[in-house]
Amino acid sequence: MLKGFRDFILQGNVVELATAVIIGGAFTAIVTAFSDKIINPLIAAVGGAEGPALQIPLKEGVPEATLDIGAVITAAINFLIVAAIVYFIIIVPMNKLNDLRKRGAPEEEVPPTTEDLLGDIREILRNQTASAAGPAQGPATDGPIDPNQPPRH
């Protein structure tokens, strides 16, 4: 199942992505509460008492010039939670349903290729040429006509 989850994350299928966006919106409140009440306090515990966890100020006195690594980690965890929920609740059951439908469906006939059709036409023309030529103009041997040899006139 985890291989399927990895393939889902890397696949980029438009239908699955649209499903993820819709369901992701529905789970936003749950994931945000989980992040705010569980993940953020754990990340803040790493930072210590001198300031917010995993923040690197680039310029003192300018809060906009601060790298917030903790927020990036939280966003990544949020994404993985939403993706896992969408995958295991929607995508896996849909894939199983599609497999069941495919098992019950009859095999589709594969149409002949152009080469197959041309080979059949060539064989028919050779047989017509050989039968029209008659025994007087037929091949020198009395054996069967080889369809891979060009007709002799």
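Small disclaimer: the values here were computed from a predicted structure and weren't measured.

**So, helix α4 (residues 69-104)**
So, point 1. Relative to the 52 Å expected for 36 residues at 1.5 Å per residue, α4 spans 51 Å between its end C-alpha atoms, a close match to the ideal helical length.
So, point 2. When the local axis directions of α4 are compared, the greatest deviation, roughly 40°, occurs at Tyr 87.
So, point 3. Listed in full, the buried residues belonging to α4 are Gly 70, Thr 74, Asn 78, Val 82, Ala 83, Val 86, Tyr 87, Ile 91 and Val 92.

**Quick look at the UniProt feature "transmembrane region" (unreviewed entry) in the chain**
So, point 1. In the numbering adopted here, UniProt assigns the feature "transmembrane region" (unreviewed entry) to residues 12-34 and 69-92.
So, point 2. Annotated as 100% helix and 0% strand, the span residues 69-92 places its first and last C-alpha atoms 33 Å apart.

**What about the packing of aromatic side chains?**
So, point 1. Tallied over the entire structure, the rule returns one aromatic pair.
So, point 2. Taken together, a centroid distance of 5.0 Å and an interplanar angle of 80° make the contact between Tyr 87 and Phe 88 edge-to-face.
So, point 3. Its relative accessible area of 35% is what places Phe 88 among the partly exposed residues.

**Points about the environment of Ser 131**
So, point 1. The residue Ser 131 is located in helix α5 (residues 114-133) in this model.
So, point 2. When its relative accessible area of 58% is taken as the criterion, Ser 131 is described as exposed.
So, point 3. Polar contacts involving the side chain of Ser 131 include one to the main-chain carbonyl oxygen of Gln 128, which spans 3.1 Å.

Criteria and thresholds
Residues numbered from 1 in each chain as written. Predicted model: local features only at pLDDT ≥ 70, side-chain atom pairs only at ≥ 80, totals over all residues. Heavy atoms only, no water. Helix = DSSP H or I, 4+ residues; strand = E, 2+ residues; numbered from the N terminus. Expected span 1.5 Å × (residues − 1). Bend = angle between axes of the 7 residues up to and from the residue. Buried < 20%, exposed > 50% of the residue type's maximum accessible area, 1.4 Å probe, protein only. UniProt positions renumbered as here; feature names shortened; annotations may be inferred. Phe/Tyr/Trp six-rings, centres within 6.5 Å; stacked < 30°, edge-to-face > 60°. Polar contact = N/O pair within 3.5 Å; in protein donor to acceptor, adjacent residues only side chain to side chain.

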